[in-house]
Amino acid sequence: MSDSLLIPCPHCNGLNRIPGERLSDHPKCGRCKAEVLLSKPFELKQGDYASQIKGDLPLLVDVWAEWCGPCKSFAPVFEQAAGQLAGKCRLAKLDSEANQQLSAQLGIRSIPSLILFKNGREVARQSGAFPLPQLMSWLRSQGI
């Protein structure tokens, strides 16, 4: 039997304790009853940030903007990665235009930017859009 993991709900920010061996069973949030581990990126907003970086599963944030061509071309790659990483890493998208204060707080200077959080702390950052194999290789180098 594996240890339980604390995982924030992407819908209501409630912290859920989920046994490690049950991660692939589509666990539901104890508070809002929505699925906790998504196979697609969820939207990260200023008010959700502090809750979402917590927990035992890493969080990879794609900082993007609607007007950014490379951001738009990277979106399908990020979506594919979310499907492959379900239960290993949570993926979120942060609209830098709609969340300017958080983007400034995170020190975003170029987009797209990827920020990897583990245990509530930033552990890695990468700028630019790249293909799925390169993204997965970078994540493996970060222990994902």
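Residues numbered from 1 in each chain as written. Predicted model: local features only at pLDDT ≥ 70, side-chain atom pairs only at ≥ 80, totals over all residues. Heavy atoms only, no water.

Named according to an unreviewed UniProt entry, the protein chain is Thioredoxin originating from Pseudomonas nunensis. In its Sequence similarities (unreviewed entry) section, the UniProt entry covering the protein chain states "Belongs to the thioredoxin family." (UniProt positions renumbered as here; feature names shortened; annotations may be inferred.)

Draft legend 1. The arrangement of the side chain of glutamine 52 in detail. Mapped onto the elements, glutamine 52 comes out in helix 1 (residues 49-52). Overall, glutamine 52 belongs to the buried group, its relative accessible area being 0%. Separated by 2.7 Å, the side chain of glutamine 52 and the backbone oxygen of cysteine 9 make a polar contact. Leave out the neighbours within four places in its chain, and glutamine 52 touches Pro8, Cys9, Pro10, Asn13, Phe42, Leu44, Leu59 and Arg90. (Helix = DSSP H or I, 4+ residues; strand = E, 2+ residues; numbered from the N terminus. Buried < 20%, exposed > 50% of the residue type's maximum accessible area, 1.4 Å probe, protein only. Polar contact = N/O pair within 3.5 Å; in protein donor to acceptor, adjacent residues only side chain to side chain. Contact = heavy atoms within 4.5 Å.)

Draft legend 2. Region of the structure containing the pairing of strand 6 (residues 113-118). Among the six residues in strand 6, five count as buried, and that is most of the element. Sheet topology places strand 6 next to strand 7 (residues 121-127); six bridges connect them, and they run antiparallel. The residue bridging serine 113 from the neighbouring strand is serine 127, located in strand 7. In sequence, strand 6 turns back onto strand 7 through a hairpin of two residues, with asparagine 119 there showing a positive phi of about 50°. (Pairing = 2+ DSSP bridges.)

Draft legend 3. Seen up close, unusual backbone geometry. In this structure, the amide linkage connecting isoleucine 111 to the following residue, proline 112, adopts the cis form with an omega of -5°. With respect to the secondary-structure elements, proline 112 resides in the loop between helix 3 (100-105) and strand 6. Although it is not a glycine, asparagine 13 sits at a positive phi angle of roughly 70°. By the secondary structure assignment, asparagine 13 is in the loop between strand 1 (4-8) and strand 2 (15-19).

Draft legend 4. Looking closely at the packing of aromatic side chains. Within this structure, the stated rule accounts for three aromatic pairs. Ring geometry for phenylalanine 74 and phenylalanine 78: centres 5.9 Å apart, planes at 45°, overall tilted. Here the residue phenylalanine 74 and the residue phenylalanine 78 both occupy positions in helix 2 (residues 69-85), the gap between them amounting to four residues, near one helical turn. The exposure class of phenylalanine 74 is buried, given its relative accessible area of 1%. Ring centres of phenylalanine 74 and phenylalanine 130 lie 5.8 Å apart, and the angle between their planes is 50°; on these two criteria the pair is classed as tilted. Of this pair, phenylalanine 74 sits in helix 2 while phenylalanine 130 sits in the loop between strand 7 and helix 4 (132-141), and the two are 56 residues apart along the sequence. Relative accessible area serves as the criterion here: at 8%, phenylalanine 130 is assigned to the buried category. Feature note: the residues Phe74, Phe78 and Phe130 constitute an aromatic cluster, connected by ring pairs. (Phe/Tyr/Trp six-rings, centres within 6.5 Å; stacked < 30°, edge-to-face > 60°.)

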